[in-house]
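Structural features, examined
One letter stands for each residue in the lines below.
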Amino acid sequence: MASLRVVVIGTGPAGMRAAETLVAAGVRPIVIDEYVRDGGQIYRRQPSNFRRTHRTLYGSEAERAASLHVTFERIRDKIDYRPQSLAWNIYDGALHYVESGLSKAIASDALIIASGATDRLMPVRGWNGAGVYSLGAAQIALKSQACAVGRRVAFLGTGPLLYLVASQYRKAGAGIAAVLDLSPPVRRLSALKNLCARPTTLLKGLKLIADLRRHGVAIERGVTPLEIVAHPERGVEGLRVRTAAGLERGIDCDAVALGCHLRPETQLADLARCEFRFDAATHHWLPTTDSDCRSSVRGIYLAGDGVRLVGADGAEAMGALAALTALSDLGRPIDHNRAARLRRVVAKMERFQRGVAEAFPWPAHLARDLSDDTVVCRCETITAGEIRAVCRRDGIHEANRVKAFSRVGMGRCQGRYCGSAAAEVIAAAAGVPVERVGRLRGQAPVKPLAISVERVVA
Amino acid sequence: MPTATSRDLLAYSGRFVRLAEADRHPVEITIDGRRATALRGDTVLTVLLVEGGHVRRSEFGDGVRAGFCLMGACQDCWVWTADGQRIRACTTEIVEGMHILTEPTDSLWPASA
């Protein structure tokens, strides 16, 4: 049987399980990863000279993290592993990536994209000040550098990560100013029913919250952010919010960890011309897949949080399923019972995630109320007022046109951190539903490349 | 070449607080011409923020920045090495003798007429 060339992008839970499944089928996949060590973000590994245990680093998920890391060690010499390699474009049926300053192209029989997610942000006045971090960043500082991002950190936003990171900070002995959740207490029965798809995970979450309270951490729900007080030279000096009861409250803090759950990194799927759909529950534009992780483009498979949020466990199942589907499409025999089991796991994780989206909704309404002088694009300090002015002056509401005229989404992060909120600002200003704003087109390179990068023909 | 920055004006020693793993091998580096001691395994961003309050100055006039995403996605922590290479502070591990510049110097650009 001719050997297959399969490429996997990413070594988080989805990419790792995809690679493992391919290896088990006798395929030697090329595994491209941007980072220096395997693990992705959720099970991100600390530098090799650090000594904290898996238990300290990953808490209740220690076994899962260890299992993935052990899997990597076990398959490492059976995969063509290319760390510190940035996948930056997909065209003419080839993946283009940069390794050590050289851009190379690889064509493949199948490409599995497991690109993961980044934090989803709702701007707050002052969030461009020094000392404001994404929730993921606050977690990375602790997990991979054993640092807290400040002496008194305020956690502001919504989603499971808000409580998880706060509790990790608490356990590590960091100073916490408060945990401020933008979502009101869960009232909707449907949210609870969906969250019960994973009773142990739900229980773990409730325990985290109870643990924070027991240790005297102030938790407020239904909070409206007013302003992060940040000095241009000294950075964060405090935070002002309005409580659910309507009272204005000042929080003394020197850092803010900010985030509203996650957003999938879909740029590579977009460059590969995969079809997208608007998800009304989360306001995300997501690449479409069938229940076996096939994208709309032949030979391209999508898995994990990079296609739609399924969580780390869901990502593991999707990664394995994507690999089985690719193998099957390439004429290799697969275990269909296993594929069916994986599909059921993914379906369960998706139900849980619907519950998460209902319990911790994307606070789209806050974008409408942002003051005109609030920076929406941190890269180039484009304000809500500037975006609104462009919409009104030119009578436009399409995301890419507004980007062209206002530069929102055109900066260094390429819209990763302003895109979701900018769409809501545009929709409110133009008086159209947010799906009519559309989505920012993915642009190559998906991250900035040095001008010195040379193209080599493989 | 060292310019007065708010890093010098900060009342406290730095923004980041080391909570564990402090018994690592010290590594000498230079930040904007000043000597600094990092620990092996630190990223450039970590040493900048354990030592001071920020990473760089925003080129859009809104003050200083101290990184944001720490996962190589936001590009808010670009700094330079003395040989002119632009690096992401959050994903670059320090090495002995490294010289970091928090602002690009004119000498990195070809002289204009």
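Above this text you will find the structure in question.
In this report, the structure presented in the accompanying data block is examined. Only a predicted model underlies this, so the values are computations on that prediction, with no experimental measurement involved. (Residues numbered from 1 in each chain as written. Chains lettered and ligands numbered in written order. Predicted model: local features only at pLDDT ≥ 70, side-chain atom pairs only at ≥ 80, totals over all residues. Heavy atoms only, no water.)

As for the nonpolar core
Counting residues in each nonpolar core, the largest one holds 118 residues, and the members touching the most others are A:Phe155, A:Tyr169, A:Ile387 and B:Phe16. The greatest single-element share of this core, amounting to seven residues, is contributed by helix α14 (residues 419-430) of chain A. Each residue touching A:Tyr169, except ones within four places of it in the same chain, is listed here: A:Ala138, A:Ala141, A:Leu142, A:Cys147, A:Ala148, A:Val149, A:Val153, A:Phe155, A:Ala174 and A:Ile176. Residues A:Ile75, A:Tyr97, A:Ala320 and A:Leu327 belong to the second largest nonpolar core, which totals 63 residues. (Core = buried A, V, L, I, M, F, W, Y, C linked by side-chain atoms within 4.5 Å. Buried < 20%, exposed > 50% of the residue type's maximum accessible area, 1.4 Å probe, protein only. Helix = DSSP H or I, 4+ residues; strand = E, 2+ residues; numbered from the N terminus. Contact = heavy atoms within 4.5 Å.)

Quick look at the interface of chain A and chain B
When the parts of a complex come together, some accessible area is lost, and that lost area is often taken as the interface size. Listed per partner, the contact involves 54 residues of chain A and 45 residues of chain B. Contact between chain A and chain B buries roughly 4,000 Å² in total, counting both sides, with carbon and sulfur atoms accounting for 52%. The tally of links from chain A across to chain B stands at six salt bridges. The shortest N-O distance in the salt bridge between A:Glu233 and B:Arg57 comes to 2.8 Å. Across the contact surface, chain A and chain B share 25 residue pairs in polar contact (both at pLDDT 80 or more). Only β8 (117-119), β9 (132-134), α4 (135-145), β10 (147-148) and β15 (235-242) of chain A provide two or more residues apiece to the side of chain A that touches chain B. When the residues that make up the side of chain A that touches chain B are grouped by side-chain class, the tally is 26 nonpolar, 14 polar and 14 charged. (Buried area = accessible area lost by both parts, 1.4 Å probe. Salt bridge = Lys/Arg side-chain N within 4 Å of Asp/Glu carboxyl O. Polar contact = N/O pair within 3.5 Å; in protein donor to acceptor, adjacent residues only side chain to side chain. Nonpolar A, V, L, I, M, F, W, Y, C, P; charged D, E, K, R; others polar.)

Things to note about the pairing of strand β4 (residues 85-91) of chain A
All names here are of chain A. Burial runs high along β4: six of the seven residues are buried. In this structure, β4 lies alongside strand β5 (residues 94-99), joined through six bridges in antiparallel fashion. By the bridge assignment for β5, Ala-87 is matched with Tyr-97. A loop of two residues connects β4 with β5, the two strands running antiparallel in sequence, and Asp-92 in this loop sits at a positive phi of about 50°. (Pairing = 2+ DSSP bridges.)

Focus: α4(A)
Residues and elements named next belong to chain A. Among the 11 residues that make up α4, 11 are buried, leaving the element largely enclosed by the rest of the structure. Within α4 the residues assigned to the buried category are Leu-135, Gly-136, Ala-137, Ala-138, Gln-139, Ile-140, Ala-141, Leu-142, Lys-143, Ser-144 and Gln-145. One or two residues past the end of α4 sits Ala-146, with phi positive at roughly 55°.

Some thoughts on the packing of helix α9 (residues 311-329) of chain A against helix α10 (residues 336-359) of chain A
Residues and elements named next belong to chain A. Where α9 contacts α10, the two axes come as close as 9 Å, and the packing angle between them is 145°. In this structure, α9 meets α10 at a crossing whose hand is left-handed. Every residue of α10 that contacts α9 at Gly-311, Asp-313, Gly-314, Ala-317, Met-318, Ala-320, Leu-321 and Leu-324 is listed here: Arg-338, Ala-339, Leu-342, Arg-343, Val-345, Val-346, Met-349 and Gln-353. When its residues are assigned to classes, the contact of α9 with α10 shows 10 nonpolar, three polar and three charged. (Axes fitted to C-alpha atoms, helices over the stretch in contact; angles between N-to-C directions. Left-handed = near helix turned anticlockwise from the far one by under 90°.)

Regarding the pairing of strand β20 (residues 284-287) of chain A
Residues and elements named next belong to chain A. Sheet analysis places strand β19 (residues 276-279) next to β20, joined by four bridges and oriented antiparallel. For Phe-278, the partnering residue across the bridge sits in β20 and is Trp-285. The turn linking β19 back onto β20 is made up of four residues, and His-283 within it adopts a positive phi angle of 65°.

So, a nonpolar patch on the surface
Residue and element names in this part refer to chain A. Taken together, the side chains of Val-186, Leu-189 and Leu-192 define a hydrophobic patch exposed on the protein surface, amounting to about 250 Å² of accessible area. Within the fold, Leu-189 resides in helix α6 (residues 189-195). Leu-189 gets classed as exposed once you look at its relative accessible area, which sits at 61%. (Patch = residues over 30% accessible without salt bridge, like charges linked within 9 Å, V, L, I, M, F, W, Y side chains within 5 Å. Areas by Shrake-Rupley, 256 points an atom, 1.4 Å probe, with all protein chains shown as cover.)

Overview of the sheet that holds strand β16 (residues 248-251) of chain A
Residues and elements named next belong to chain A. In spatial order, the strands read β14-β15-β16; together these three strands make up an open sheet with antiparallel pairing. Edge positions in the open sheet fall to β14 (224-231) and β16, since each of these has one partner strand only. Each neighbouring strand pair of the sheet contributes to a mean axis angle of 20°, computed without reference to strand direction. In this sheet, β15 lies alongside β14 in antiparallel orientation, the contact comprising seven bridges. Bridge pairing in β15 places Val-229 opposite Gly-238.

As for the side chain of A:Asn400
All names here are of chain A. Locating Asn-400 in the fold gives a position in helix α13 (residues 399-406). Residue class for Asn-400 comes out buried when judged on its relative accessible area of 10%. A distance of 2.9 Å separates a polar atom in the side chain of Asn-400 from a polar atom in the side chain of Glu-398. A polar contact is formed between the side chain of Asn-400 and the backbone nitrogen of Arg-441, at a distance of 3.0 Å.

Notes on the pattern of salt bridges
All names here are of chain A. Within this structure, the stated rule accounts for 49 salt bridges over all chains. Here Arg-45 ties to Asp-38 by a salt bridge, and the two come within 3.0 Å at their closest N and O atoms. Asp-38 shares its class with Arg-45; the two are buried. Of the charged contacts in the structure, one is a salt bridge between Glu-316 and Arg-64, with a shortest N-O distance of 3.2 Å. With Glu-316 in helix α9 and Arg-64 in helix α3 (residues 62-75), this residue pair connects regions lying 252 residues apart in the sequence. Looking at Glu-316, the relative accessible area reads 7%, which means it is buried. In this structure, a network of salt bridges that share partners links the residues Arg-17, Glu-20, Arg-64, Arg-74, Arg-198, Asp-313 and Glu-316.

Remarks on the packing of aromatic side chains
For the coordinates displayed, the defined rule picks out eight aromatic pairs over all chains. Each ring, one from A:Tyr163 and one from A:Phe360, has its centre 6.4 Å from the other, and the planes form 50°; the classification is tilted. Taken together, the residues span a long stretch of sequence, with A:Tyr163 in helix α5 (residues 160-172) and A:Phe360 in the loop between α10 and α11 (365-368) at a distance of 197 residues. Like A:Tyr163, the residue A:Phe360 is buried in the burial classification. Of the aromatic side chains, those joined through ring pairs into one cluster are A:Trp127, A:Tyr417 and B:Phe68. One cation-aromatic arrangement involves A:Arg120 over A:Trp362; the distance from NZ or CZ to the ring centre is 3.9 Å. Lying across the ring of B:Phe68, A:Arg378 places its NZ or CZ 4.1 Å from the centre. (Phe/Tyr/Trp six-rings, centres within 6.5 Å; stacked < 30°, edge-to-face > 60°. Lys NZ or Arg CZ within 6 Å of the ring centre and 35° of its normal.)

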